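Coordinates in review
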Amino acid sequence: MEKKTTSERKLLFISAIIGIIFSFPLTGFIYGFSVCKDCGEGISEIFGRIFIGLVEAILTTITLGAPWDNVGGTTSTNLRLYVFLTALIITLLLFFILKRSKYQID
């Protein structure tokens, strides 16, 4: 019984680390993809939104959840709550997937 609890703790720890690492870029990408105002129309709109999403993914990771809104770098947007929720969702999904696959192998 002790070994099962220890292995579940390891799986939860690994899932939490991966969830925290991927939550900042994922939240930033979603924010940048949805916020783009001047992306154009048609196929260029999709590429513009993807480009802004990638830029915001990097900026959100660097600023730890406070992306830049203008050239001066000031912002009124705070994504930290969404980053926390994204990390929680990624952690739980990954934990249950790893737990299910580990016990199917054993």
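Residues numbered from 1 in each chain as written. Predicted model: local features only at pLDDT ≥ 70, side-chain atom pairs only at ≥ 80, totals over all residues. Heavy atoms only, no water.

Regarding unusual backbone geometry
Unusually for a residue other than glycine, Leu64 sits at a positive phi of about 55°. Within the secondary structure, Leu64 is located in the loop between helix H2 (43-62) and helix H3 (80-105). (Helix = DSSP H or I, 4+ residues; strand = E, 2+ residues; numbered from the N terminus.)

Focus: the pattern of salt bridges
Applying the stated criterion across every chain, the model contains two salt bridges. The closest approach of N and O atoms between Lys99 and Glu8, which form a salt bridge, is 3.7 Å. Here Lys99 is found in helix H3, whereas its partner Glu8 is found in helix H1 (residues 2-35), with 91 residues between them in sequence. Judged by its relative accessible area of 25%, Lys99 falls in the partly exposed class. For the salt bridge of Arg49 with Glu45, the shortest nitrogen-to-oxygen distance reads 3.3 Å. Linking Arg49 with Glu45, this pair stays in helix H2, spanning four residues, or about one helical turn. (Salt bridge = Lys/Arg side-chain N within 4 Å of Asp/Glu carboxyl O. Buried < 20%, exposed > 50% of the residue type's maximum accessible area, 1.4 Å probe, protein only.)

Thoughts on the side chain of Thr27
Within the element layout of this structure, Thr27 appears in helix H1. The class for Thr27 is buried, based on a relative accessible area of 6%. The contacts of Thr27, once residues within four sequence positions are left out, are Leu79, Tyr82, Val83 and Thr86. (Contact = heavy atoms within 4.5 Å.)

Considerations on the environment of Thr60
Take Thr60: it is sitting in helix H2. Judged by its relative accessible area of 0%, Thr60 falls in the buried class. C-alpha separation for the pair Thr60 and Arg80, spaced 20 residues apart in sequence, amounts to 9.4 Å. Excluding its chain neighbours within four sequence positions, the residues that come into contact with Thr60 are Phe24, Gly28, Gly65, Pro67 and Leu79. Of note is the side chain of Thr60, whose polar atom sits 2.7 Å from the backbone oxygen of Glu56. (Polar contact = N/O pair within 3.5 Å; in protein donor to acceptor, adjacent residues only side chain to side chain.)

Looking at a nonpolar patch on the surface
Taken together, Leu81, Tyr82, Phe84, Leu85, Leu88, Leu92 and Phe96 make up a surface patch of nonpolar side chains, about 720 Å² in accessible area. Looking at the element boundaries, Leu92 is found in helix H3. With relative accessibility at 40%, the residue Leu92 sits in the partly exposed group. (Patch = residues over 30% accessible without salt bridge, like charges linked within 9 Å, V, L, I, M, F, W, Y side chains within 5 Å. Areas by Shrake-Rupley, 256 points an atom, 1.4 Å probe, with all protein chains shown as cover.)

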